[in-house]
Amino acid sequence: MSVEQAFAGVRVLELGSRLSAGASGTLLSQAGASIVYADLTEHQCPIESKHDHRALYSAGKSAITINAASPGNQINELLKSCDVVITSHDIDPDWLKLLGDGWSDGKIVCDISAYGCTGPLAGQPASDFEVQALAGLIDTTGDANAPASRIAVPVTECLAGLHAFGGIGTALRTRRLQGIVQNVEIALYDCAFATSASFLPKFIAEGKVPRRVGNRHPMTLPWNVYKSRDEWVLICTSSNDHWKRLAGLLGDPNLIEDEALMTAGGRANRVDELDGAITKWAGMKSADDCVRTISELSIPCAKIAPLTRLSPSSR
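Just so it is clear, the model here is predicted, and its values are computed rather than measured.

Draft legend 1. Inspection of the environment of Thr41 at higher detail. Here Thr41 is to be found in strand S2 (residues 34-41). In the structure, Thr41 is positioned 25 residues away from Ile66 in sequence and 6.2 Å away in space, judged by C-alpha atoms. If we skip the residues at most four places from it in the chain, Thr41 touches Thr65, Ile66, Asn67, Ala68 and Ala69.

Right, here's the structure in full:
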């Protein structure tokens, strides 16, 4: 079975208004599921929702308009025929109040919210930006000597949509193999906190306070963007062997023979020196030469494309 047909025959009612609800529905649709996109009227979302980007989130789905103040039999008919319901209780209407007990019986309900269904913040309709802030994600973004920086893309919503897709798939498999109906609960906060995995090990193991690292990597170095003669280039060393090969390319005997640099910790202590050496080497070459030479060493690297090159007018 192809990926495009993995969820063929699965019927999903996408009631949730969060961006992540729309994203998970889109992923299911691309994998073969039949999605009904619920356009809610008589309901004001307290934050940016998928309905603010309807063309994007309704693509590939059947759309139906539902009066959130009085859904009536229309939604009950949809519920009878669906396998999965996607909701976002913190910004949606109160479906239990509107539809009564048992409205979701026998359905896999995937609820996506900012803070989940339990705990002191449960039910608060926080935006992606607010979750980035409270989870500390913003504190990991930007230069060490600059203020914390928001990720402009709604990254916690994107991550929540991806986790919801995986959770729904697991619940569907469990129902098929064991006849057990499970619900899925996704919190944007949990998804945001999980992104700190690269920053926390040093703090847990060594007590070193994490800090923003710009384009560097918090766990492996050197890893940064470097200015070549004409364009910026990303170079990523992720092992001692990578560094050994890169040091040989740079041609500086002091770097090649220095045993202290053969460990990640040793390189971290002298990362400014290493970045300086790589910058000097890259500055004498074109970006194409840099990428070709580094790639021949099986070290990940890429040119950084300016946005102007990606615009339709430049093609």
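Draft legend 2. Local environment of the environment of Ala148. Considering the arrangement of structural elements, one finds Ala148 in the loop between helix H5 (128-134) and helix H6 (155-178). On the basis of relative accessible area, Ala148 is assigned to the partly exposed category, the value being 41%. Placed 15 residues apart in sequence, Ala148 and Ala133 show a C-alpha to C-alpha distance of 9.3 Å. In this view, Ala148 contacts Ile138, Asp139, Thr141 and Arg212; residues no more than four positions away in its chain are not counted.

Draft legend 3. Seen up close, helix H1 (residues 19-30). Its 12 residues give H1 an end-to-end C-alpha distance of 17 Å, which sits within 8% of 16 Å, the value for a rise of 1.5 Å per residue. The buried count for H1 comes to 9 of 12 residues, which makes it a mostly enclosed element. Inspection of H1 places Leu19, Ser20, Ala21, Gly22, Ser24, Gly25, Thr26, Leu28 and Ser29 among the buried residues, and these make up the whole buried set. A positive phi of about 105° marks Gly32, the residue just after H1.

Conventions adopted
Residues numbered from 1 in each chain as written. Predicted model: local features only at pLDDT ≥ 70, side-chain atom pairs only at ≥ 80, totals over all residues. Heavy atoms only, no water. Helix = DSSP H or I, 4+ residues; strand = E, 2+ residues; numbered from the N terminus. Contact = heavy atoms within 4.5 Å. Buried < 20%, exposed > 50% of the residue type's maximum accessible area, 1.4 Å probe, protein only. Expected span 1.5 Å × (residues − 1).

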